[in-house]
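For reference, the chains in residue letters:
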Amino acid sequence: MSDNSLELKGSLFPMSVLHCADLSAATLQKLLSAKLAQAPAFFLQAPIVLNLSDVSDTPDFAALKSLFTELKLVLVGVTAANAEQKTAAHAAGLAVLQAGKPGVKAKEPAASATAVTATAADTAPAAAVTVTMDSKVVEQTVRSGQQIYAKGTDLIVKGAVGAGAEVIADGNIHIYGSLRGKAIAGASGDTSKRIYCYNLQAELVSIAGNYWLSDSLQDKFWGKSACIKMQDDSLVISELV
C-alpha cells in the first residue's frame with residue numbers, strides 16, 4: 001500500500017445520544033447549559049446525536065448546530081428520524097444514523113431498592129481505599145441505559161456497572177463489582193480523582209476529561225481489579241492488591 005493511499009474502515013466511537021421532545025434552540029440552551037455545568041470537562045467538544053423518536057415536527061437543524069458550537073459540543077447527526085427530518089438533516093450537513101437498538105432512558109435506582117445479587121466473578125471484598133464520608137451510595141447494579149451522577153462527592157456502587165450504563169462523579173468512583181459500562185471520575189475537572197473497580201471490562205474510563213476506550217484497556221489489567229488515575233498528564237492503571 002502506497003504512502004498516499006486512502007483507507008476507510010468501520011469503527012465504533014462513543015457518542016452521547018440526546019433525547020428531548022422539545023428541540024427548539026431556546027429549550028435546549030437552558031437544558032444543556034444545566035447539564036454541562038455538572039461535568040464541564042467531560043462534555044467539552046463531545047460528539048452528540050439527536051434522537052428524534054419523540055419529535056413529530058422538523059427541528060431547525062441549522063440553529064441547533066450553531067447552539068451546539070456555542071456550547072462547545074459537536075452535533076454529529078440524528079437517529080430515529082422520519083423522511084422529512086432526514087431530508088432536513090442532510091441539508092444541514094448532519095449524518096443520519098441507524099441505531100442498533102432502541103435507547104433506554106436513564107433512570108436512577110432508588111436508594112431503598114433491593115440490592116441485586118451479583119455472581120462471585122463480579123464482586124470482591126472491599127479494598128482499603130479512602131472514600132468521602134458523604135459519598136453517594138448505589139446499593140444495586142447499574143443497568144444498561146442508566147446514568148448515575150454524584151455531584152460534589154464520591155460515588156460507591158455496591159454492584160456492577162453494566163454495558164451501556166454510565167456512572168459519573170465529581171469525586172472518586174468505587175465499583176465493588178464488574179465495570180462494563182462507562183466510568184467518569186473528576187467530572188468537574190479534578191485530576192486527583194481515581195476510579196477503583198474489581199473487574200475491569202469498561203467501554204470507557206475518564207478522569208477530568210482524559211479518557212481511554214475499551215481498545216486501550218484490553219491489556220494485562222482486563223478482567224482484573226484495577227485503579228485508574230492521572231499521572232504526568234496521562235491515565236495510568238495499576239492492579240488493586
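Enquirer: Please set out the nonpolar core residue by residue, giving values where relevant.
Expert: Among the nonpolar cores identified, the biggest contains 29 residues, and L155, V167, I173, I175, L179, I195 and L200 are the most heavily contacted of them. Contact partners of I195, with chain neighbours within four places excluded, come to I173, L179, A183, A185, V205, S206, I207, A226, C227 and I228. Core analysis: the second largest hydrophobic core is formed by 24 residues, L18, C20, A46 and V78 among them.

Enquirer: I'd like a description of the packing of aromatic side chains, backed by residues and values.
Expert: Applying the stated rule across the entire model yields one aromatic pair. Between Y176 and Y198, the ring centres sit 5.8 Å apart and the planes meet at 55°, which makes this aromatic pair tilted. Here the residue Y176 occupies a position in strand β9 (residues 173-179), and Y198 occupies one in strand β11 (residues 195-200), the gap between them amounting to 22 residues. Like Y198, Y176 is buried.

Enquirer: Run through the environment of A160, naming residues and quoting values.
Expert: Looking at where A160 falls in the secondary structure, it is placed in the loop between β7 (155-157) and β8 (166-169). Taking the C-alpha atoms as reference points, A160 and R180, 20 residues apart in sequence, are found 7.8 Å from one another. The contacts of A160, once residues within four sequence positions are left out, are T141, V142, G177 and S178.

Enquirer: Describe the side chain of Q85, naming the residues involved and giving the relevant values.
Expert: One can find Q85 in helix α4 (residues 83-91). Q85 sits in the buried class, given a relative accessible area of 1%.

About the criteria used
- Residues numbered from 1 in each chain as written.
- Predicted model: local features only at pLDDT ≥ 70, side-chain atom pairs only at ≥ 80, totals over all residues.
- Heavy atoms only, no water.
- Core = buried A, V, L, I, M, F, W, Y, C linked by side-chain atoms within 4.5 Å.
- Buried < 20%, exposed > 50% of the residue type's maximum accessible area, 1.4 Å probe, protein only.
- Contact = heavy atoms within 4.5 Å.
- Phe/Tyr/Trp six-rings, centres within 6.5 Å; stacked < 30°, edge-to-face > 60°.
- Helix = DSSP H or I, 4+ residues; strand = E, 2+ residues; numbered from the N terminus.

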